[in-house]
Structure formats: C-alpha cells, structure tokens
Amino acid sequence: MRANRGACWTVGLLLTLTTSTAQGAADPDPLAPEPPPTPTIARSWPVGTRPLVLRAWEPPPTPYARGHRGVDLAATTGTPVRAVAPGRVHFAGRVAGRGVVSVELTGTGTPPLRTTYEPVTAALKKGAEVKAGEMVGTVEPGGTHCPTTCVHWGLLRGDTYLDPLTLLPSWLLRRGPSRLLPVQGVPLPP
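Residues numbered from 1 in each chain as written. Predicted model: local features only at pLDDT ≥ 70, side-chain atom pairs only at ≥ 80, totals over all residues. Heavy atoms only, no water.

Turning to its location among the elements, Arg 157 is positioned in strand 10 (residues 150–157). For Arg 157, a relative accessible area of 7% puts it in the buried group. Polar contacts involving the side chain of Arg 157 include one to the main-chain carbonyl oxygen of Pro 111, which spans 2.7 Å. (Helix = DSSP H or I, 4+ residues; strand = E, 2+ residues; numbered from the N terminus. Buried < 20%, exposed > 50% of the residue type's maximum accessible area, 1.4 Å probe, protein only. Polar contact = N/O pair within 3.5 Å; in protein donor to acceptor, adjacent residues only side chain to side chain.)

The following block contains the structure:
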C-alpha cells in the first residue's frame, strides 16, 4: 500500500510541476519590463521587390516548441540578399552546413534587433557596417527546408524571435508598385 501512495504522490507532484511550468511559460511575468515595440524601419524586402512568402511566421507557444521562427521568401540561387535596415554584421559564417548572415540593426533599443538570412553566401565579414539596401550575400543553392529555393528571414530581440514582416511598413506589404496610367480626354497644353 505504501508503494501505491508513493507512486500517487510522485504522479501528483509531476502533474503539479508540469502544470505550473506550462502556465509559467505561457503567462508573461507581470513585473518584467515590456520589450520595446518593433520599429517599421525597413523600406525594402531582403530579396527582390515583392517576393512570394512561401511560409509565414508561426510563433511557438513555448521557447522549445515547434513553430516557424521567421518567414521563407522565394528566391533563386544567386539572388542578392540585402540588409533591410542599417546596422553591423553580427555573424557571417556557416551553421549546420548552411551560410548564415546576421545583422544587428542600429538604433533599435536594448537589446538591439537582429535580422538573420539563410542559406546565404556572405559578402561581408563580421563587424562590417551596412546601409539599408546594401548586399550582405547571395542565395546559396539547396539545403533549405522550402519546396523551392528560398531565403529564411528571421528577426530576434535578444533570444526572442519576432515576425520579421513587422519591420516592413504596411504599404510595402499590401500593394505593388505605383503605375502611371495614360491620360485620356485631356487636351494638350498650347
């Protein structure tokens, strides 16, 4: 009978710990300072003018759960990858066999925002200053988790992943480029 009570006590303790851990991970600390908002500082996409988003950002419910910690943008091998905002190259190298470039963005609070791009062959070294729109590398062939060649674009503040699309202003997300239409029925000036 004692072994039974011990097993019940152990199961109860595990359930309590699991429940409190899960609740603690989901509930934000009310005393923790609110992180600064993500500024809409980008004025262009990292690849192309309006790339197809193959997979959107899907935040995980907990730090170690499944999710998609960035967005996948369609891009062909050799496509230039550009910094979306000014900053400094935080990392340029290989991680798990893939080329990765990370840029720490200037003036984005503490800790600063970092964008990541992969798989990318780096064009710059760690510590290099970059301007918005400056090429940081080119898309590498293969080795991605996309059905076609793509660039995985990520955004972090410290160890927290954020949606990189929040860096882009709404006008860049919603519509294509402006086009002038021919004027009809208006007389030419004399």
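Enumeration according to the criterion identifies one disulfide in this entry. Here Cys 146 is linked by a disulfide to Cys 150, with a sulfur-sulfur distance of 1.9 Å. For the disulfide bridge between Cys 146 and Cys 150, the dihedral angle about the S-S bond is near 70 degrees, and by the sign convention the bridge is right-handed. We classify Cys 146 as buried; its relative accessible area is 12%. (Disulfide = S-S within 2.5 Å.)

Before going further, it helps to spend a moment on the sheet that holds strand 7 (residues 120–122). Strand order across the open sheet formed by three strands is 3-9-7, with antiparallel pairing between neighbours. Since the sheet does not close on itself, it has two edges, and those belong to strand 3 (80–82) and strand 7, each with one partner. Ignoring which end each strand starts from, the neighbouring axes of this sheet average 40 degrees apart. With three bridges connecting them, strand 3 and strand 9 (residues 135–139) associate as antiparallel partners. Looking at strand 9, one finds that Pro 80 is bridged to Thr 138. (Pairing = 2+ DSSP bridges. Axes fitted to C-alpha atoms, helices over the stretch in contact; angles between N-to-C directions.)

On to the packing of aromatic side chains, then. This model, assessed by the stated rule, comprises one aromatic pair. When the ring centre of Tyr 161 is taken as reference, the NZ or CZ atom of Arg 69 above it lies at 5.9 Å. (Phe/Tyr/Trp six-rings, centres within 6.5 Å; stacked < 30°, edge-to-face > 60°. Lys NZ or Arg CZ within 6 Å of the ring centre and 35° of its normal.)

It is generally the case that most residues other than glycine have a negative phi and that most peptide bonds are trans. Following Thr 110, the chain continues to Pro 111 via a peptide bond in cis, the omega torsion being -10 degrees. Relative to the elements of secondary structure, Pro 111 occurs in the loop between strand 5 (98–105) and strand 6 (113–118). Here Glu 118 and Pro 119 are connected by a cis peptide whose omega angle stands at -10 degrees. With a phi angle near 55 degrees, Ala 96 is a residue other than glycine that sits in the positive phi range. Secondary-structure assignment places Ala 96 in the loop between strand 4 (87–95) and strand 5. Residue classification places Ala 96 among the exposed positions, given a relative accessible area of 80%.

Within the fold, Ser 102 resides in strand 5. A polar side-chain atom of Ser 102 sits 3.4 Å from the main-chain carbonyl oxygen of Thr 115.

The next subject is the pattern of salt bridges. Enumeration according to the criterion identifies four salt bridges in this entry. Notably, a salt bridge pairs Glu 58 with Arg 55, separated by 3.2 Å at the nearest N-O pair. The partner of Arg 94 in a salt bridge is Glu 140, with the nearest N and O atoms 2.7 Å apart. Here Arg 94 is found in strand 4, whereas its partner Glu 140 is found in the loop between strand 9 and strand 10, with 46 residues between them in sequence. Classification of Arg 94 as exposed rests on a relative accessible area of 51%. Judged by its relative accessible area of 9%, Glu 140 is buried. (Salt bridge = Lys/Arg side-chain N within 4 Å of Asp/Glu carboxyl O.)

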